[in-house]
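One letter stands for each residue in the lines below.
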Amino acid sequence: MRLNVLEAIRAGRPVESVIHPELARSPSVLQAENFALWYGQSKTLHEVSMGVPRGKVTALIGPSGCGKSTLLRSINRLNDLIDSVRIEGDITLNGEPVYSPDVDVIELRKRLGMVFQRPNPFPMSIYENVVYPLRIDGENRKPVLREACEKALKAAAIWDEVKDRLSSSALGLSGGQQQRLCIARAVVADPEVLLLDEPCSALDPIATIRIEELIHEISSRYTVLIVTHNMQQAARVSDFTAFMYLGRLVEYGPTATIFQNPKLPETEQYVTGRFG
């Protein structure tokens, strides 16, 4: 009798992740190798091994508390800010270890654009919000900043809406506009990967559609890793989908296959809403 994978995970037994062969044929920009993370005595991620294909959109799905956001935040080492955190294994970005002792974490985060669940524009002008990452990196040449601002706002599909009020406060924008502004700020320094942590969870349906369209547009220029609790959203925006459960990677493959013909019945049960 076949043992239910999720029951085995709940029982604390090790399980082997099901990785579809298409992943092996896709060069990875990010690679996790037996990556594990603890908050104090609590183990939150269990030996996660997965690559994130270059130039594609990869979605992390799974029930609340399954480790999706923890894994995402591990990539740019935001979890370092928590005293009780310890890790084993490693994550590499373009072959370079993220957790090497000599890594400059500030420089690392410049290579990884990050957008959070709720829009977090700074209390300053739209223009200064966008160019802020360049300013803190020492760039003060006005022509360079102006060009970068326009390019980033166009990439985030919000230029036409704000080009005539760049000196106005970003706090006056709608929630959906603020989130697109935050995406512009995340891409202005041309990162190697864009990390999106449930970027639509605080938005209304119309704003959500705009963000999803934007993800599709920018995926031609950036590798995108998105955490989402919305199955339909994952199916719409991503090329690959990874299903996680209680800190373990369960199944990972092309999005169409994960949603239409997954290898594990447990994955099918989750994506069709029969549990979780």
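Here's what I pulled together on the structure shown here. Note that the coordinates shown come from a computational prediction; the quantities given were computed from them, not determined experimentally.

### Side note on the overall build of the chain
Phase 1 of the analysis: From N to C terminus, the chain includes 11 helices and 11 strands.
Phase 2 of the analysis: Its C-alpha atoms give the chain a radius of gyration of 19 Å, within 12% of the compact-globule value 19 Å for 276 residues.
Phase 3 of the analysis: A principal-axis box enclosing the C-alpha atoms of the chain has dimensions of 65 × 45 × 35 Å.
Phase 4 of the analysis: Across the 276 residues in the chain, those meeting the buried criterion constitute 51%.
Phase 5 of the analysis: Long-range contacts, defined as pairs at least 24 residues apart, comprise 71% of the intrachain contacts of the chain with a sequence gap of at least 6.
Phase 6 of the analysis: With the model as given, the accessible surface of the chain reaches about 13,100 Å², and the carbon-plus-sulfur share is 49%.
Phase 7 of the analysis: Here the chain contributes 31 positively and 33 negatively charged side chains, and the mean placements of these two sets differ by 2 Å.

### Digging into the nonpolar core
Phase 1 of the analysis: Counting 55 residues, the largest nonpolar core has I61, V130, L153, I183, L194, I215 and V250 as its most contacted members.
Phase 2 of the analysis: Judged by nonpolar contacts, the second largest core, of 33 residues, contains L45, V48, I75 and Y252.

### Comments concerning the layout of surface pockets
Phase 1 of the analysis: For the largest pocket, the calculated volume is near 630 Å³.
Phase 2 of the analysis: As for the largest pocket, its lining consists of 22 residues, and the residues nearest its centre are R109, L112, M114, P133 and I136.
Phase 3 of the analysis: For the lining of the largest pocket, the element with the highest residue contribution is helix α4 (residues 126-136), accounting for 4 residues.
Phase 4 of the analysis: Counted by class, the lining of the largest pocket contains 15 nonpolar, 3 polar and 4 charged residues.
Phase 5 of the analysis: Its volume calculated, the second largest pocket comes out at about 170 Å³.
Phase 6 of the analysis: Taken together, E147, A148, K151, A152, A155, V187, V188, D190, R221 and Y222 make up the full set of residues lining the second largest pocket.

### Here's the deal with empty space enclosed by the protein
Phase 1 of the analysis: Within the structure shown, the criterion is met by 1 cavity of 30 Å³ or more.
Phase 2 of the analysis: Reported here for the largest cavity is a volume of approximately 80 Å³.
Phase 3 of the analysis: In terms of lining residues, the largest cavity is bounded by L30, Q31, A32, V48, M50, V52, L71, I75, I91 and L225.
Phase 4 of the analysis: At the level of secondary structure, the elements contributing two or more residues to the lining of the largest cavity comprise β2 (28-39), β3 (42-53) and α2 (68-75).
Phase 5 of the analysis: Of the residues assigned to the lining of the largest cavity, the class counts are 9 nonpolar, 1 polar and no charged.

### Here we look at the sheet that holds β3
Each strand in a sheet pairs with its neighbour through backbone hydrogen bonds, running either in the same direction (parallel) or in the opposite one (antiparallel).
Phase 1 of the analysis: The strand order across the open sheet built from 4 strands is β3-β2-β5-β6, with neighbouring strands paired in antiparallel fashion. Edge positions in the sheet fall to β3 and β6 (96-97), since each of these pairs with one other strand and no more.

### Quick notes on the environment of L246
Phase 1 of the analysis: Here L246 lies in the loop between β10 (240-245) and β11 (248-254).
Phase 2 of the analysis: Along the backbone, L246 and N4 are 242 residues apart, and their C-alpha atoms lie at a distance of 14 Å.

Thresholds applied
- Residues numbered from 1 in each chain as written.
- Predicted model: local features only at pLDDT ≥ 70, side-chain atom pairs only at ≥ 80, totals over all residues.
- Heavy atoms only, no water.
- Helix = DSSP H or I, 4+ residues; strand = E, 2+ residues; numbered from the N terminus.
- Rg over C-alpha atoms; globule rule 2.2 N^0.38 Å.
- Buried < 20%, exposed > 50% of the residue type's maximum accessible area, 1.4 Å probe, protein only.
- Contact = heavy atoms within 4.5 Å.
- Areas by Shrake-Rupley, 256 points an atom, 1.4 Å probe, with all protein chains shown as cover.
- Lys, Arg positive; Asp, Glu negative; His and termini not counted.
- Charge placed at Lys NZ, Arg CZ, Asp CG, Glu CD.
- Core = buried A, V, L, I, M, F, W, Y, C linked by side-chain atoms within 4.5 Å.
- 1 Å grid on protein atoms, 1.4 Å probe; cavity = no way out; pocket = protein on both sides within 12 Å on 5 of 7 lines; lining within 4 Å.
- Points joined across faces, edges and corners; volume = space filled by probe spheres on them.
- Nonpolar A, V, L, I, M, F, W, Y, C, P; charged D, E, K, R; others polar.
- Pairing = 2+ DSSP bridges.

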